[in-house]
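Coordinates in review
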Amino acid sequence: MEKQKIETFLNQAKDSRIKHSTEDRLFALEVMTCALGASLEGDARDKFLKVMNSISENINPMADTTIKAIADLNVLSADFKTLSNQIESVK
């Protein structure tokens, strides 16, 4: 990719921060994370789940709010996969 195209993209990404609230951008990132996790298949999905599960298996999510948020996002990712499969089966 040309340097100018990369710079243009990065500037557009920076400019979009002004257009959206921090909360909306964080929510968008959560949805994108769930979509990425849900789109993985085979070994890649197994590795993703192993990494995500290893966090809450080694640190009690109920004792740390950040770890609880990670665990909740992991569950949402699995729910997103189920929802995605249901939508695909309807088409």
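The paragraphs below set out a description of the structure included in this document. (Residues numbered from 1 in each chain as written. Predicted model: local features only at pLDDT ≥ 70, side-chain atom pairs only at ≥ 80, totals over all residues. Heavy atoms only, no water.)

Some points on helix α2 (residues 22–39)
Taking 1.5 Å as the rise per residue, α2 with 18 residues should run 26 Å; its terminal C-alpha atoms sit 25 Å apart, in good agreement. What α2 keeps buried is the set Cys34, Gly37 and Ala38. Within α2, the buried residues cover an arc of 100 degrees as seen down the axis, which keeps them to one side. α2 presents Thr22, Met32 and Leu36 as exposed residues on the side facing more than 90 degrees away from its buried surface. Looking at the buried side of α2, the elements it contacts are α3 (42–58) and α4 (65–90). (Helix = DSSP H or I, 4+ residues; strand = E, 2+ residues; numbered from the N terminus. Expected span 1.5 Å × (residues − 1). Buried < 20%, exposed > 50% of the residue type's maximum accessible area, 1.4 Å probe, protein only. Arc of directions from axis to C-beta. Contact = heavy atoms within 4.5 Å.)

A look at the pattern of salt bridges
On inspection of all chains with the given rule, the structure shows two salt bridges. Residue Glu7 is joined to Lys3 by a salt bridge in which the shortest nitrogen-to-oxygen separation is 3.9 Å. On the criterion of helical spacing, the pair formed by Glu7 and Lys3 is a turn pair, its members being four residues apart in helix α1 (residues 3–19). Residue classification places Glu7 among the partly exposed residues on the basis of a relative accessible area of 33%. As a salt-bridge pair, Asp72 and Lys68 come within 2.8 Å of each other at their nearest N and O atoms. (Salt bridge = Lys/Arg side-chain N within 4 Å of Asp/Glu carboxyl O.)

A short note on the packing of α2 against α4
Between α2 and α4, the shortest axis-to-axis distance is 8 Å and the interhelical angle comes to 60 degrees. Between α2 and α4, the angle falls in the class oblique. Crossing of α2 against α4: the hand is right-handed. Each of Glu30, Val31, Thr33, Cys34, Ala35, Gly37 and Ala38 in α2 lies in contact with α4, whose residues at this interface are Leu73, Leu76, Ser77, Phe80 and Lys81. Split by residue class, the contact of α2 with α4 holds seven nonpolar, three polar and two charged. (Axes fitted to C-alpha atoms, helices over the stretch in contact; angles between N-to-C directions. Parallel < 35°, antiparallel > 145°, perpendicular 65-115°, else oblique. Left-handed = near helix turned anticlockwise from the far one by under 90°. Nonpolar A, V, L, I, M, F, W, Y, C, P; charged D, E, K, R; others polar.)

Take it as geometry only, folks, not as evidence of what the structure does.
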